[in-house]
Amino acid sequence: MPELPEVEHVVRALRRVVVGRTIVATEIRLPKLIGPTSTAAFKRKLKNLRITGVSRRGKFILIELDSERILAVHLRMTGKFLYLSAENELPKHAHAIFYLDNDPRLVFRAQRQFRVMRLVARARLAKTKGIRDLAPEPLSDDFSPAYLSEILARSRRSLKTLLLDQTKVLGLGNIYAAEALFRARINPFKIAAQLSSPRVERLHRAIREVLRDAITDSSTSRISLEHPNGFSYGEAFERFWQVYEREGEPCFKCGARIRRLTHGGRSTYWCPRCQRR
């Protein structure tokens, strides 16, 4: 599943090409994508609306419209946006097509079939299911060391498990949780409530640093809306990861072999020397 930096890159790519464009027509090929809204109602409500902005809340992409409505989209595991000219053949699994006033089409494709699109009133966005319970944005002032300390103090879960809970700490998936814990030199299996204040501050700083670095420099992917798959992978992500998917390789800092353990149904990577406590 794309993590917060990847979603942020999608938002920025969309912003460059669709802001200011008008949706002249919509085609929904998979009605369950927008359920329980009917296809006819969905198409009617979007017709001739201008896209005024693209933003993000957690991993939700928010396409802002000039009707005081917002199209909230979650990419889930396989969702991708493509920006295709009329000459381009539609790819497989193209479930939603937005025809724009400058001829290109904004296409949403996904191999797995989930309800991922909701048209909501701007005033009710914060109360929308899936959004209302999200933790503060990790790069905002609301995500402070005091907030993180309070969240950790209430939990008997392991740190790695808690960091993946989007209602407690927003934006971290399996990759960046592992990388943040490595930067903070903290054992991923440590009980959250047992973390001392200095380590909480270290973890808070590491979370923000790893997300900022991924967004600005070395995200796990580069977004190309014209690419058939929606993502254009490069070598930057391999250099960026210090523990993730490096089982058996030497730690860049101490030389110990990176270890991997299945924990909470997910692979957890850590350095047994740098993160022994």
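The text that follows walks through the structure, step by step, so that each part is easy to find. (Residues numbered from 1 in each chain as written. Predicted model: local features only at pLDDT ≥ 70, side-chain atom pairs only at ≥ 80, totals over all residues. Heavy atoms only, no water.)

Moving on, we come to the environment of glutamine 166. Within the secondary structure layout, glutamine 166 lies in the loop between helix 4 (159-163) and helix 5 (174-184). The residues contacting glutamine 166, other than those within four sequence positions of it, are Lys59, Leu134, Ala135, Gly171 and Leu172. There is a polar contact of 2.9 Å between the side chain of glutamine 166 and the backbone nitrogen of glycine 171. (Helix = DSSP H or I, 4+ residues; strand = E, 2+ residues; numbered from the N terminus. Contact = heavy atoms within 4.5 Å. Polar contact = N/O pair within 3.5 Å; in protein donor to acceptor, adjacent residues only side chain to side chain.)

Quick look at the nonpolar core now. Counting 48 residues, the largest nonpolar core has Leu152, Leu163, Leu203 and Ile207 as its most contacted members. No other element matches helix 5, which puts eight residues into this core. Aside from chain neighbours lying at most four places away, what touches leucine 163 is Val169, Leu172, Ala177, Leu181, Leu203 and Ile207. Among the nonpolar cores identified, the runner-up in size contains 33 residues, and Val11, Leu30, Val54 and Leu106 belong to it. (Core = buried A, V, L, I, M, F, W, Y, C linked by side-chain atoms within 4.5 Å. Buried < 20%, exposed > 50% of the residue type's maximum accessible area, 1.4 Å probe, protein only.)

The sheet built from eight strands is open, its strands ordered 5-7-6-1-2-3-4-8 with antiparallel pairing. Two strands bound the open sheet, and with one partner strand each, they are strand 5 (80-84) and strand 8 (117-121). With strand direction ignored, the average angle separating the axes of adjacent strands in the sheet is 30 degrees. Relative to strand 6 (residues 94-100), strand 1 (residues 22-28) runs antiparallel, the two being bridged by five bridges. Paired with isoleucine 28 across the bridge in strand 6 is alanine 96. Taken strand by strand, helix 1 (residues 4-18) contacts strand 2 (49-57), strand 3 (60-65), strand 5, strand 6 and strand 7 (105-109), and its axis lies near 160 degrees from that of strand 2. On the sheet, helix 2 (residues 39-46) packs against strand 1, strand 2, strand 3, strand 4 (69-74), strand 6 and strand 8 and is oriented at approximately 170 degrees with respect to strand 1. (Pairing = 2+ DSSP bridges. Axes fitted to C-alpha atoms, helices over the stretch in contact; angles between N-to-C directions.)

Cis geometry marks the peptide bond from glycine 35 to proline 36, where omega comes out at 5 degrees. Structurally, proline 36 can be placed in the loop between strand 1 and helix 2. At glutamate 68, a residue that is not glycine, the phi angle is positive and equals roughly 65 degrees. By secondary structure assignment, the location of glutamate 68 is in the loop between strand 3 and strand 4. Residues other than glycine seldom take positive phi values, yet glutamate 245 does so here, at roughly 55 degrees. Summarising the element assignment, glutamate 245 is placed in the loop between helix 7 (236-240) and strand 11 (259-263). The exposure class assigned to glutamate 245 is partly exposed, which follows from its relative accessible area of 47%.

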